[in-house]
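A closer look at the structure
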Amino acid sequence: MAKLLRFRKVCYVEPVKTSLTYQPFETPTVNKKEDGAVAQTANSVLLLDNKTKKNNKKKRREPKEWRCVDNCCWIIGYICTTWWLLVFLYSFLPSTLPGFQVPESSGIRLKREGLTALHPVVLVPGIVTGGLELWEGRPCAEGLFRKRLWGGSFTEVFRRPFCWLEHLSLHNETGLDPPGIRVRAVPGLVAADYFAPGYFVWAVLIENLAKIGYEGKNLYMAAYDWRLSFQNTEIRDQSLSRLKSKIELMYVTNGYKKVVVVPHSMGVIYFLHFLKWVESPRPMGGGGGLGWCDKHIKAIMNIGPAFLGVPKAVSNVFSAEGKDVAFVRSMDPGVLDSEILGLQTLEHVMRVSRTWDSIISLMPKGGDTIWGNLDWSPEDCDSGKRMNSESDNNTGIIDLKRAFQHEEPVRYGRIISFGKDASQLPSSQLKSLGSKDFSGNHREKRRGVGNNNSCREIWTEYDEMSRESIGEVAETKAYTASTLLDLLQFVAPKMMKRAEAHFSHGIADNLDDPKYAHYKYWSNPLETKLPNAPDMEIYCLYGVGIPTERSYVYKLSASSKCKIPFRIDSSADGSCLKGGVHFVDGDESVPVLSAGLMCAKGWRGKTRFNPSGISTYVREYRHKPPSSLLEGRGLQSGGHVDIMGNVALIEDVMRVAAGATGAELGGDEIYSDILKMAARINLRL
């Protein structure tokens with residue numbers, strides 16, 4: 001009995017609600033008859049005490065509320081892990097497998113044929129593909145000195161996204177560095193060999209060139225800050241002067257052999273700007289004189305050239321969208337819309353990209369003459385064409401002759417239409433539109449939302465537009481290449497004010513007019529002359545057979561507070577129309593019209609744009625998707641970037657670098673309707 005009482009005195013306690021500790025209290029004496037009841041009570045108290053402790057532990061371990069952003073992070077993590085696992089496993093695969101054999105590289109095959117390095121080669125990267133590194137930054141960028149902010153692993157996007165966006169932005173008025181920030185192009189071949197780990201850009205071409213003898217002394221990457229306007233790369237970084245000096249040095253140190261220049265994408269019009277700059281007198285130009293290009297350059301092999309612009313640049317500036325973004329929004333709007341995640345992704349993309357003047361260089365050039373009007377476009381081919389996703393099961397090649405079928409009219413000239421009806425109706429039923437619609441009183445009515453302080457961190461110029469002016473923009477209207485510039489000047493006045501000082505998008509009436517000596521015209525092939533270099537050759541090398549964005553059907557967004565008020569109508573489908581986007585033939589980014597017209601017509605023979613009669617060649621590469629995963633991104637791809645691994649293109653570049661001419665390559669090689677399109681365009685030559 002004494003042992004039981006001592007046990008009860010130690011264990012019989014009463015839990016206190018306000019504390020996690022327990023205090024004993026005095027218990028009355030008991031007799032022998034109560035011994036059984038006391039023992040039973042003690043056991044009950046012990047069980048209650050244990051249960052209370054377990055409940056407290058459960059409360060302490062209760063998980064946090066699961067949010068949608070957590071789902072996104074997990075999904076991204078799974079995708080990245082799976083991707084790296086596949087890359088890791090791929091590295092252990094044998095070079096040959098039953099039923100699959102990796103073809104011999106172009107470099108090895110041509111070396112066996114006796115080809116060796118002859119002409120120095122200069123590579124000019126395009127927009128986005130060149131790396132950018134930090135030289136000076138804000139406190140949030142501590143530890144990132146000379147580390148890549150663009151290109152490479154992109155780890156800083158996840159670690160400090162807002163700091164990353166701030167440092168990639170340029171000054172909204174000058175288009176140059178913001179105070180306290182210096183981001184510069186990564187120098188050397190590593191600037192654009194790979195865009196991200198495992199995603200090559202120039203690496204395959206560089207490797208093949210190395211097999212026939214190319215190295216640092218005769219191979220150079222002309223890296224530049226692709227965010228800037230072309231003339232600003234010279235004003236801030238002297239990029240054009242350094243390119244001129246490097247070409248002159250390579251010319252002298254390689255036995256006075258002329259240079260072969262290989263630009264890609266936007267790098268094509270960047271180098272076109274250089275051609276005019278280098279011959280123009282100082283201080284605006286490089287002072288090389290009229291014979292500089294003829295003396296130093298053998299050939300310009302333009303890969304995926306965007307000579308006349310790309311329609312997707314319009315959708316980027318107008319709504320920070322393209323077909324891929326529109327597809328994601330249609331599948332799961334919460335991924336990009338702020339109501340769920342609070343990320344306001346597209347608004348941040350627009351805020352940053354509208355500080356990059358280079359995007360304006362990619363706007364469609366030539367107006368309605370080149371891109372078509374409300375009722376006509378070069379791709380229409382009488383009653384229009386319809387692209388199906390047909391492909392040959394045996395070859396995987398899209399047969400455009402069968403894929404395009406005549407059906408209802410497709411008016412590609414309406415690059416932006418509000419509503420599917422506006423993209424199809426006869427022009428007589430559409431509200432007439434001119435530059436007066438975006439001037440005078442109309443501009444005055446634009447103001448109205450600019451004082452919304454809650455939008456400051458994601459400020460876009462749409463915040464300064466009134467509800468009335470937004471509605472008028474979308475009121476059953478269609479915009480062509482000519483009226484688009486007026487539209488963009490209205491919705492993005494600050495960006496367009498900067499850009500108009502550096503770029504022009506028209507067609508010159510008289511190229512001898514002194515005004516065309518200004519640098520704003522030098523990147524437009526329709527407003528500048530090619531240099532006097534009759535021995536030089538120009539190639540247009542691009543892929544065909546891939547649906548490429550040509551025009552868009554838009555609608556008003558559901559809400560406009562701190563948001564972009566316009567978006568692609570992904571529900572619009574029809575002839576050549578899928579997910580609110582009209583498609584034509586191209587390389588997935590640049591339509592055939594933009595890539596091939598200058599070589600097929602504008603510069604063919606002696607014209608006012610090519611007074612010395614420089615030889616031009618059109619060489620198209622029909623797209624063939626990879627036959628297996630082991631083929632990577634495809635050895636015969638016609639994609640805008642993937643074509644850099646196309647064995648036929650690599651062989652053409654290497655043969656010209658080794659001394660071949662365009663005639664020795666076989667002249668033109670055309671699969672598309674570029675010659676028919678050129679014939680329909682009334683361009684004065």
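As shown above, the structure is provided for reference.
Residues numbered from 1 in each chain as written. Predicted model: local features only at pLDDT ≥ 70, side-chain atom pairs only at ≥ 80, totals over all residues. Heavy atoms only, no water.

**Description of the pattern of salt bridges**
- In the structure shown here, the tally under the stated rule is 24 salt bridges.
- Between R112 and E104 there is a salt bridge whose closest N-O contact spans 2.6 Å.
- Between K244 and E248 there is a salt bridge, with its nearest N and O atoms 3.1 Å apart. Taken as a pair, K244 and E248 lie in helix 9 (residues 239–253) at a separation of 4 residues, close to a single helical turn.
- Residue classification places K244 among the buried positions, given a relative accessible area of 12%.
- Salt bridges linked by common partners bring D177, R184, D225, R227, R236 and D237 together as one network. (Salt bridge = Lys/Arg side-chain N within 4 Å of Asp/Glu carboxyl O. Helix = DSSP H or I, 4+ residues; strand = E, 2+ residues; numbered from the N terminus. Buried < 20%, exposed > 50% of the residue type's maximum accessible area, 1.4 Å probe, protein only.)

**Some thoughts on a nonpolar patch on the surface**
- A contiguous nonpolar patch, built from W83, W84 and V87 and spanning about 310 Å² of accessible area, is present on the exposed surface.
- Summarising the element assignment, W83 is placed in helix 3 (residues 68–90). (Patch = residues over 30% accessible without salt bridge, like charges linked within 9 Å, V, L, I, M, F, W, Y side chains within 5 Å. Areas by Shrake-Rupley, 256 points an atom, 1.4 Å probe, with all protein chains shown as cover.)

**Describing the packing of helix 8 (residues 230–237) against helix 9**
- Taken N-terminus to C-terminus, the directions of helix 8 and helix 9 make an angle of 85°; their axes are 6 Å apart at the nearest point. With respect to helix 9, the element helix 8 is oriented roughly perpendicular. Contacts from F230, Q231, T233, E234 and D237 of helix 8 reach helix 9 at S239, L240, S241 and R242.
- For the contact of helix 8 with helix 9, a count of residues per class yields 2 nonpolar, 4 polar and 3 charged. (Axes fitted to C-alpha atoms, helices over the stretch in contact; angles between N-to-C directions. Parallel < 35°, antiparallel > 145°, perpendicular 65-115°, else oblique. Contact = heavy atoms within 4.5 Å. Nonpolar A, V, L, I, M, F, W, Y, C, P; charged D, E, K, R; others polar.)

**With respect to helix 21 (residues 493–500)**
- All buried positions along helix 21 are accounted for by M495, M496, R498 and A499. The buried side chains of helix 21 occupy one side of the element, clustering within an arc of 160° when seen end-on.
- At its buried positions, helix 21 is contacted by helix 12 (311–319), helix 15 (345–353) and helix 20 (481–491). (Arc of directions from axis to C-beta.)

**Structural notes on the packing of helix 9 against helix 10 (residues 266–279)**
- The N-to-C vectors of helix 9 and helix 10 enclose an angle of 75°; their axes lie 11 Å apart at closest approach. Classed by the angle they form, the pair helix 9 and helix 10 counts as roughly perpendicular. Contacts from S239, L240, S241, L243, K244 and I247 in helix 9 reach Y270, F271, H273, F274, W277 and V278 in helix 10.
- Counted by class, the contact of helix 9 with helix 10 contains 8 nonpolar, 3 polar and 1 charged residues.

**Details of the state of the cysteines**
- Scanning the entire structure with this criterion turns up 2 disulfides.
- Between the sulfur atoms of C140 and its disulfide partner C163 the distance amounts to 2.1 Å. Disulfide C140-C163: the torsion about the S-S bond is 80°, which places it as right-handed. You can see C140 sitting in the loop between strand 6 (132–136) and strand 7 (148–150) and its partner C163 sitting in helix 6 (residues 161–168), a full 23 residues away along the chain.
- Look at C140 and you get partly exposed, because its relative accessible area is 33%.
- Accessibility expressed as a relative area gives 9% for C163, which makes it buried.
- Between the sulfur atoms of C540 and its disulfide partner C599 the distance amounts to 2.0 Å. Residues C540 and C599 are joined by a disulfide whose S-S torsion is about 70°; by sign, that bridge is right-handed. (Disulfide = S-S within 2.5 Å.)

**Remarks on the sheet that holds strand 7**
- Here 3 strands make up an open sheet; going across it, the order is 7-6-8 and the pairing antiparallel. Looking at strand neighbours, the two that pair on one side only are strand 7 and strand 8 (182–185), the edges of this open sheet. Direction aside, the axes of adjacent strands within the sheet are offset by 45° on average. (Pairing = 2+ DSSP bridges.)

**Describing the pairing of strand 6**
- Relative to strand 7, strand 6 is paired through 2 bridges, and the arrangement is antiparallel. Bridge pairing in strand 7 places L132 opposite W150.
- Note that strand 6 and strand 8 share 4 bridges and pair antiparallel. Bridge assignment links E136 to a residue of strand 8, and that residue is R182.

**Quick notes on the packing of aromatic side chains**
- Here the structure, examined in full by the defined rule, presents 27 aromatic pairs.
- Aromatic side chains W150 and F154 sit 5.3 Å apart centroid to centroid with 85° between the ring planes, which places their arrangement in the edge-to-face category. Residues W150 and F154 agree in their burial class; the two are buried.
- An angle of 10° between the planes, with centres 4.9 Å apart, marks the rings of F318 and F566 as stacked. Taken together, the residues F318 in helix 12 and F566 in strand 20 (residues 566–568) connect sequence positions 248 residues apart. (Phe/Tyr/Trp six-rings, centres within 6.5 Å; stacked < 30°, edge-to-face > 60°.)

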